[in-house]
Amino acid sequence: MQVYLVGGAVRDELLGLPAHERDWVVVGSTPEELQRGGYRAVGREFPVFLHPDTGEEYALARLERKTGPGYRGFETRFSPEVTLEQDLQRRDLTINAMARSPDGRLIDPYGGRHDLEQRLLRHVSPAFVEDPVRVLRVARFAARLCALGFRLAPETRELMRFMVSSGEINALVPERVWREMQRALGEADPAVFLDILEDCGALAILLPELNWDEAARKALQRAAAPALATTEVPAAARVSAAARVSAAHSAIDGSVRFAALLAGTALERITALCERLRVPNDYRELALLTARLQPRIAHAGTLDAAATLELLEAADAFRRPDRFQLLLRAALARSDLDDAARTARAAALAAALAAAAAVALPHDQLTQLNGPAIAATYRSARLERLEALQSELRKS
Ligand code: CTP
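Residues numbered from 1 in each chain as written. Predicted model: local features only at pLDDT ≥ 70, side-chain atom pairs only at ≥ 80, totals over all residues. Heavy atoms only, no water.

A. Quick peek at the overall build of the protein. Each helix and strand in the protein was counted, giving 20 helices and eleven strands. By its C-alpha atoms, the protein is 80 × 55 × 35 Å across when sized along the principal axes. A total of 396 residues make up the protein; the buried ones form 46% of that total. Partitioning the contacts of the protein with sequence separation of at least 6, the portion at a separation of at least 24 is 65%. A total of about 18,900 Å² of accessible surface is found on the protein, and carbon and sulfur atoms cover 53% of it. For the protein, the distance from the average position of its 51 positive side-chain charges to the average position of its 53 negative side-chain charges is 2 Å. (Helix = DSSP H or I, 4+ residues; strand = E, 2+ residues; numbered from the N terminus. Buried < 20%, exposed > 50% of the residue type's maximum accessible area, 1.4 Å probe, protein only. Contact = heavy atoms within 4.5 Å. Areas by Shrake-Rupley, 256 points an atom, 1.4 Å probe, with all protein chains shown as cover. Lys, Arg positive; Asp, Glu negative; His and termini not counted. Charge placed at Lys NZ, Arg CZ, Asp CG, Glu CD.)

As C-alpha cells, this is what we get:
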C-alpha cells in the first residue's frame, strides 16, 4: 500500500501557513489490511481509520457518485484499484486536491499549485456541484484567504450560482449551515463569507433573516436618506469592525462577531435565525442583548447616572461582568465609531460598572431589611456613586 499526505496540510504548507491537522490517503489497500495493522475504523459512510500511534486520519482512496439530492445522496466506492488521482478528483478546490508522497514529491494533477500562485479558488471538476456544503466551504476559504489576495475563479462563481438556482442548496441541513457559519465567523475576514454568499444568491436562502437586513440597507441607500444612512450600519461592516477587535478562531470571540453581525436586526428575526440553525445559547443570548442595548451603549458618554445604572442592570452586568465586556465589544463594533470613540465609550461604562459594583452596604443595615428593600437600597447607593463619579469627571 502507498500512503500520501493530502488536503489542507499540503495547501497550508505551500502557503507557508502554520502546521495543520494532517489527513492521509491510502492507495492499494483494504479495510482488513489496515485493521490488521492496528488502525481503528471510524468512518460511517466511507472507510476512514485512525492511526494506532498518531491518531491521525487515514482514508482509503475512494470514488464518489451522486445518487440523490442533498449531501447524503452519495454512493462511495473504494477498492485497491482506486488511484490517488481519482481520489483527488472528487475534491472541492484545486488547492485542496494536492498530495505529498512519502519521498516529498508534490502530486498535483489538477493545477493546485498554479492556482495557489495565482491566488485562485477554483473547483476541480463539474462534480463540485454534487455537494452543496461546498458553497459554504468556498465562501469560508475566501474569508480566510482573501487577505492573501485570493479570489474566486469566475467559472466557480458560475457553478455556485447554478447550485443556488437549481435548488441543490436547499438540501443543506441547519447543522451544516451553522457549523460552516461558525467557522467562517472565526476567519480573518468574516464579511467576505457573507459577500460571496450574497453574490451567488445563497444568503437569501440560507440566512434570510440576515439578508433582510442587507436588503433594507440597500433600500435606504437607494432612497438616498442620508440621515438614516449615517446611523444605519450595514451588517457586513459591523462584522468587519468586530473582526478587528476580536481574535480569530476563538469561540468566545466568535460569539462577539455573531452578535455584532446581528446588532441591527429585529429581535424576532434573531430568535428565528437562532432557532432554525440551533445556534448555541451563549451566542444567542449575546446577540439578543447586543441588539437590544447597542443604541444605548453607543451613547454611553451622554447617559446620565440613572440611565447608566439602568443600562448596567439591563445588561446583568453586576452578575455577569465578563459577558458585559463581550457585549461592549459587540455593541461598539460599528464602522461609524473610530477606535478612540470606541475605547472612550467602553472605558466609561467599565468605570461605571467598577464604581457601582464596589458599593457595599454595612452588614447591620442588610440584616434589618427584606429582599426588595435590599435591592432598592443597593440601587440608590449605586446611583449615588454614579452621580458622584459623573460630577468628578465633569470637574476633571
Ligand atoms: N473535501 C471536499 N469536499 C468537502 C469536504 C472536504 O473536497 N465537502 C476535501 C478537501 O480536499 C479538503 C479535505 O477534504 O482539503 C479535508 O477536509 P477538511 O478537513 O474539512 O478541510 P481542510 O481543507 O483540511 O481545511 P481546514 O483548514 O478548514 O480544516
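B. Highlighting the sheet that holds strand E4 (residues 48–50). The strand order E3-E4-E5-E2-E1-E8-E9 describes an open sheet built from seven strands, whose pairing is mixed. Where the open sheet ends on each side, the last strands, each with one partner, are strand E3 (40–41) and strand E9 (106–107). Both strand E8 (residues 99–100) and E9 contribute to a ladder of two bridges, which runs antiparallel. When the sheet's bridge partners are listed, Ala99 is paired in E9 with Ile107. The strands that helix H1 (residues 8–15) touches are strand E1 (2–6), E8 and E9; relative to E1, the one it contacts most, it runs at about 55°. (Pairing = 2+ DSSP bridges. Axes fitted to C-alpha atoms, helices over the stretch in contact; angles between N-to-C directions.)

C. Seen up close, the site of the ligand. Of all residues adjacent to the ligand, which total 15 residues, the nearest are His20, Asp92, Asp131, Arg144 and Arg183. In this structure, Asn96 approaches the ligand through a main-chain N or O atom, which is 2.9 Å from an oxygen atom. Within the side chain of Arg137, an N or O atom sits 2.9 Å from an oxygen atom of the ligand. Compared with its free state, where it exposes 570 Å², the ligand has 81% of that area covered by protein. With respect to the pocket detection grid, the ligand is positioned in the largest pocket. Among the elements of the structure, H1 and helix H5 (133–145) are those that each provide at least two residues to the shell around the ligand. Considered class by class, the residues forming the shell around the ligand number one nonpolar, four polar and ten charged. (Near = heavy atom within 4 Å. Polar contact = N/O pair within 3.5 Å; in protein donor to acceptor, adjacent residues only side chain to side chain. 1 Å grid on protein atoms, 1.4 Å probe; cavity = no way out; pocket = protein on both sides within 12 Å on 5 of 7 lines; lining within 4 Å. Sits in = over half its atoms within 2 Å of the grid points. Nonpolar A, V, L, I, M, F, W, Y, C, P; charged D, E, K, R; others polar.)

D. Seen up close, unusual backbone geometry. Of note, Arg278 is a non-glycine position whose phi angle comes to about 50°, a positive value. Within the secondary structure, Arg278 sits in the loop between helix H14 (267–277) and helix H15 (281–298). The phi dihedral of Asp316 is positive, around 60°, even though this residue is not glycine. Looking at where Asp316 falls in the secondary structure, it is placed in the loop between helix H16 (305–314) and helix H17 (321–331).

E. A look at the packing of H14 against H15. In the contact formed by H14 and H15, the axes pass within 10 Å of each other and the chain directions differ by 170°. By the angle between their directions, the pair H14 and H15 is classed as roughly antiparallel. Residues Leu267, Ile270, Thr271, Cys274 and Glu275 of H14 lie in contact with H15, whose contacting residues are Arg284, Ala287, Leu288, Ala291 and Arg292. (Parallel < 35°, antiparallel > 145°, perpendicular 65-115°, else oblique.)

F. Local environment of the side chain of Arg382. Counting through the fold element by element, Arg382 comes out in helix H20 (residues 371–395). At 5.3 Å, Glu313 is the nearest oppositely charged side chain to Arg382, a buried residue that forms no salt bridge. In this structure the side chain of Arg382 is engaged in a polar contact, spanning 3.4 Å, whose partner is the backbone oxygen of Ala356. Not counting residues up to four positions away in its chain, the partners in contact with Arg382 are Leu309, Phe318, Ala356 and Val359. (Salt bridge = Lys/Arg side-chain N within 4 Å of Asp/Glu carboxyl O.)

G. Structural context of the packing of H15 against H16. Their axes nearest at 11 Å, the elements H15 and H16 cross at an angle of 165°. Between H15 and H16, the crossing angle belongs to the class labelled roughly antiparallel. Crossing of H15 against H16: the hand is left-handed. Judged by residue contacts, Leu289, Arg292, Leu293, Arg296 and Ile297 of H15 engage Glu310, Leu311 and Ala314 from H16. Class assignment for the residues of the contact of H15 with H16 results in five nonpolar, no polar and three charged. (Left-handed = near helix turned anticlockwise from the far one by under 90°.)

H. Fine view of the pattern of salt bridges. A full pass over the atoms with the stated rule returns 27 salt bridges. Note that Glu155 and Arg122 form a salt bridge whose closest N and O atoms lie 2.4 Å from each other. With Glu155 in helix H6 (residues 154–165) and Arg122 in the loop between strand E10 (120–121) and H5, the pair connects residues that are 33 residues apart, well separated along the chain. Under the relative-accessibility criterion, Glu155 is labelled partly exposed at 34%. Classification of Arg122 as partly exposed rests on a relative accessible area of 22%. Here Glu158 and Arg161 are joined by a salt bridge, their closest N and O atoms 3.2 Å apart. Here Glu158 and its partner Arg161 are both found in helix H6, three residues apart, which amounts to about one turn of the helix. The exposure class assigned to Arg161 is partly exposed, which follows from its relative accessible area of 31%.

I. Structural view of the confidence of the model for the protein. Confidence in the prediction of the protein, expressed as mean pLDDT, is 88, and 92% of residues score 70 or more. Long-range and interchain partners of residues 220–233, a stretch whose pLDDT sits below 50, account for ten contacts in this model, where long-range means more than four residues apart. (pLDDT = per-residue confidence, 0-100.)

J. Seen up close, empty space enclosed by the protein. Applying the stated rule across the entire model yields two cavities of 30 Å³ or more. Taken as a whole, the second largest cavity spans an internal volume of roughly 30 Å³. What lines the second largest cavity is Met181, Ala184, Leu185, Pro190, Phe193, Leu194, Val239 and Leu261. At the level of elements, helix H7 (174–185) and helix H8 (190–200) are the ones that each hand at least two residues to the lining of the second largest cavity. Its residues placed into classes, the lining of the second largest cavity shows eight nonpolar, no polar and no charged. (Points joined across faces, edges and corners; volume = space filled by probe spheres on them.)

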